[in-house]
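Summary of structural features
Now for the letters of each chain:
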Amino acid sequence: GQIRRDWERAKQAKDKVQERLLDCLRRVNGEYSADKLAQIRKQGGSEIYMQLTATKCRAATSWIRDIIMPVGDKPWGLEPTPVADIPVPMQQQIQQEVMQQIQAAAQQGQQMQPDQARQLLMGAIEHVKEQANEAARKAAKAMELEIEDQLTEGHWDDALDLFIEDFVTFPAAILKGPVLRRQNRLGWGNGWEPVKVSEIAPEFERVSPFDFYPSPDATTVDDAAYLIERVRFRRNQLQKLRGVPGYHEEAIDAVLRDFGMGGLRDWILGDSERAKLEGREHEWLSSGDTIDALMYYGSCIGLQLLQHGFDPQQIDPLLEYNIEAILIGGHVIR
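Scope of this entry: the structure provided in the associated data block. One numbering rule holds for all chains: residues counted from 1, following each sequence as written. The predicted origin of the model limits local features to residues at a pLDDT of at least 70 and limits the giving and counting of side-chain atom pairs to 80 or more, whereas totals for whole chains, interfaces and linings rest on all residues. The basis for every side-chain value is the complete set of non-hydrogen atoms in the structure, without hydrogens or water.

What to know about the sheet that holds strand β7 (residues 331-332)
Our working definition: Two strands are counted as paired when DSSP detects at least two bridges linking them. To qualify as a helix, a DSSP run of H or I must reach at least 4 residues; to qualify as a strand, a run of E must reach at least 2; elements of each kind are numbered from the N terminus. Whether two residues touch is decided by their heavy atoms; if any such pair falls within 4.5 Å, the residues are in contact. Axis definition: a line fitted to C-alpha atoms, limited for helices to the stretch in contact. Angles are taken between N-to-C directions and run from 0 to 180 degrees.
A sheet is described by the order of its strands in space; here five strands give the open sequence β3-β4-β5-β6-β7, paired in antiparallel fashion. Only two strands of the sheet have a single neighbouring strand rather than two, namely β3 (212-214) and β7. By the bridge criterion, three bridges tie β3 to strand β4 (residues 227-234) in an arrangement that is antiparallel. Looking at the pairing, F212 lines up with E229 of β4. The strands touched by helix α1 (residues 2-13) are β3, β4, β5 (290-301) and β6 (320-328); relative to β5, the strand with the most contacts, the crossing angle is about 105 degrees.

So this is what it looks like as structure tokens:
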């Protein structure tokens, strides 16, 4: 009920913004709105649309891609912070080792001056610092490879490419991640036999500004009371969410049972024109294949979580908790 109420408020507050987004899309496509076209025809004016906006957007997109998506390179890296100090237990260990060296020298008849002992101690500390720095550099390099692999497997470049197009076209652009999903990958079994492996991995995606609904009082995503994303699932995508931590298999099965054959589409103002401008004018023919969902980022009181079945040992009924929920029809699947 809370998600539905907030959705209606956010949807109503975004009406004028939706009109602006549609206007941006028309300018890039070089099309007049129906009202504008009727006025031009009424006055007998030219219907030719000079596509200056599209040219500027393509140029801006190319410049940005050259900077943050360089061919054969990446615009980021990891550098470890310098080791400013050594933990006290390690300092004590170093002191003990230096004292043993001093005692060994004394047994051989070599008396070490206080300055020499201090230099020996400082040298040992600096040596340990350099070893720690070298280990940190190797760890950072290994983590770079790990992150780069996750970005590649998670379709980062594709999402960033679409994000850049939104950035130069609309007054807002949204990039989301990491989103945990179940993926099928190639693995190796006994005797190096190739097998299909299913695992949960992070993915990244661009969110269309048309599908993003902040709370009416929001000025940034950080001060919003809640954020709602309109998401579309296919049946196989919902099936892959079974077993992913945080998702409810019973609710997913209920959704597939209720909407699996006929789909679920929540058409709103401007959807048909948006589909036409995005080259998806025949989308309504396949509306039975998709299931609309609302992804909700907000908060609720602990009492609501207890009513939803959360562990009473972990929830205080009077505290406010940040939540992420996915609502499909009347089912909360996450």
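Topic: unusual backbone geometry
Test applied: Throughout this description, buried means an accessible area under 20% of the type-specific maximum (1.4 Å probe, protein chains only), exposed means over 50%, and partly exposed covers the range between.
A cis amide bond links G177 with the next residue in sequence, P178, at an omega value of -5 degrees. Inspection of the secondary structure puts P178 in strand β1 (residues 174-188). Here the phi dihedral of H155 falls at roughly 65 degrees; this positive angle occurs in a residue that is not glycine. One can find H155 in the loop between α6 (114-153) and α7 (156-169). You can call H155 partly exposed: its relative accessible area is 41%.

A word on the packing of helix α4 (residues 52-68) against α7
To characterise two packed helices, one gives the angle between the axes of the helices and the distance between these axes. For the record, the criterion: Each angle receives one of four descriptions, namely roughly parallel if under 35 degrees, roughly antiparallel if over 145, roughly perpendicular if within 65 to 115, and oblique otherwise. A crossing counts as left-handed when the near helix is turned anticlockwise from the far one by less than a right angle, and as right-handed when that turn is clockwise.
Following both chains from N to C, one finds α4 and α7 inclined at 135 degrees, their axes separated by 9 Å at the closest point. Viewed along their axes, α4 and α7 adopt a mutual orientation that is oblique. When the axes of α4 and α7 are compared, the crossing they make is right-handed. Here C57, A60, T61, I64, R65 and I68 of α4 lie close against α7, whose contacting residues are L160, D161, I164, E165, F167, V168 and T169.

Structural notes on α7
Selection rule: Expected helix span is taken as 1.5 Å per residue step, with the number of steps being one fewer than the number of residues.
Taking 1.5 Å of rise per residue, the 14 residues of α7 would be expected to cover 20 Å, and the 20 Å separating its terminal C-alpha atoms lies within 8% of that figure. Those residues of α7 not exposed but buried are A159, L160, F163, I164, D166, V168 and T169. Against α2 (15-29), α4, β1 and β2 (194-207) lie the buried residues of α7.

Considerations on the pattern of salt bridges
What counts here: By salt bridge we mean one thing: a side-chain nitrogen of Lys or Arg within 4 Å of a carboxyl oxygen of Asp or Glu.
Overall, the coordinates contain 24 salt bridges when judged by the stated rule. The partner of D6 in a salt bridge is R9, with the nearest N and O atoms 2.9 Å apart. Taken as a pair, D6 and R9 lie in helix α1 at a separation of three residues, close to a single helical turn. A relative accessible area of 44% places R9 in the partly exposed class. Salt bridges sharing partners connect three or more residues here, namely K176, R181, E203, E205 and E229.

Focus: the environment of A293
Tracing the backbone through its elements, the reader meets A293 in strand β5. Once the C-alpha coordinates of A293 and S272 are considered, the two residues, 21 residues apart in sequence, prove to be 18 Å apart. Not counting residues within four places of it along the chain, the set of residues in contact with A293 comprises E229, R230, V231, F233, I326, L327 and I328.

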